[in-house]
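Geometric and topological summary
Letter by letter, the chains look like this.
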Amino acid sequence: MTQDELKQAVARAAADYVAANVPAGSIVGVGTGSTANFFIDELAKVKDRIAATVASSEATKKRLEGHGIKVLDLNDVSRMPVYVDGADEITAKLEMIKGGGGALTREKIVAAVADKFVCVCDQSKLVGTMGKFPLPVEVIPMARAYVARELEKLGGQPKLRAGFVTDNGNLILDVHGLAITDPAGLETTLNQIVGVVTNGLFARRGADVLLLATPDGVRTMTR
C-alpha cells in the first residue's frame with residue numbers, strides 16, 4: 001500500500017470511530033495536515049451525525065466548510081467529546097511530536113478541551129525514541145534569536161522555517177538533533193523559555209487512542 005492509501009484507510013477508521021463512539025449531535029475537533037485532510041473527507045460522509053466541528057487551523061476550517069460542515073469558534077464550545085488529528089512521530093506511550101504543518105499551538109489548545117484525543121497515522125510515524133523528526137517550536141518574532149540560543153544550550157540545532165508564519169502571526173524554529181528520552185520534561189522546559197508560545201511535544205497531554213494504519217489493516221492502541 002502507498003502512504004496515501006494507508007492514510008485513507010486510517011481516515012475511514014477514524015470516521016467509523018466517531019460514528020460508533022461519539023453521541024449524535026456532538027462537536028468534533030479536527031486537526032491539521034495530510035492525514036487530517038483525509039479524515040475531513042470521510043467525516044463529510046457522516047456529517048449529519050454531528051452538530052459542528054472546531055478547526056485547529058485556517059486551512060482545516062476552509063476544508064471543513066468546503067464540505068458544508070459547520071465550524072465553531074472554540075470560545076463558543078464548552079465541551080467536545082473527541083479531537084482527531086495526525087502526528088509527525090508517536091511512541092507506544094502515545095506521546096507525540098506535532099507541528100509539521102505549523103498549527104501546533106492551536107492543535108494543542110483544541111486537544112486540551114477535548115475529552116479524548118484520537119491520533120491517526122500510518123506505521124512509519126511510530127518510533128521508539130522521538131527526535132528524528134525536527135521538533136517545531138513556535139516563537140514570538142522578536143524572540144527568535146534569543147530562543148534559538150537557548151535551544152542550542154539544550155543540545156538542539158534550531159533552524160528557522162523559511163517563509164512561514166503561523167495562523168497566530170508567529171515564527172517556527174524546527175529543532176534538529178534531539179534524542180527525546182523525557183518528552184514530558186522537555187515539553188515543560190521548552191515552554192519555560194521566554195518568547196516560546198508552545199512546542200510540538202504532546203506528552204503531558206498525549207493521545208488517548210492511536211489508530212495506526214499498516215498494510216495488514218488499522219491497529220488500535222490505547223494508553
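Everything here concerns the structure above.
Residues numbered from 1 in each chain as written. Predicted model: local features only at pLDDT ≥ 70, side-chain atom pairs only at ≥ 80, totals over all residues. Heavy atoms only, no water.

With that settled, consider the sheet that holds strand E11 (residues 201–202). Overall, antiparallel pairing links the three strands, which are arranged E4-E5-E11 in an open sheet. Both outer strands of the open sheet, strand E4 (89–90) and E11, are each paired with one neighbouring strand and no more. Judged from the two bridges that link them, E4 and strand E5 (residues 96–97) form a sheet pairing that is antiparallel. Bridge assignment links Ile 90 to a residue of E5, and that residue is Met 96. (Pairing = 2+ DSSP bridges. Helix = DSSP H or I, 4+ residues; strand = E, 2+ residues; numbered from the N terminus.)

For Leu 94, which is not a glycine, the phi torsion comes out positive at approximately 65 degrees. Turning to its location among the elements, Leu 94 is positioned in the loop between E4 and E5.

With that settled, consider a nonpolar patch on the surface. Taken together, Ile 140, Met 142 and Val 197 make up a surface patch of nonpolar side chains, about 310 Å² in accessible area. Relative to the assigned elements, Val 197 resides in strand E10 (residues 196–199). Overall, Val 197 belongs to the partly exposed group, its relative accessible area being 34%. (Patch = residues over 30% accessible without salt bridge, like charges linked within 9 Å, V, L, I, M, F, W, Y side chains within 5 Å. Areas by Shrake-Rupley, 256 points an atom, 1.4 Å probe, with all protein chains shown as cover. Salt bridge = Lys/Arg side-chain N within 4 Å of Asp/Glu carboxyl O. Buried < 20%, exposed > 50% of the residue type's maximum accessible area, 1.4 Å probe, protein only.)

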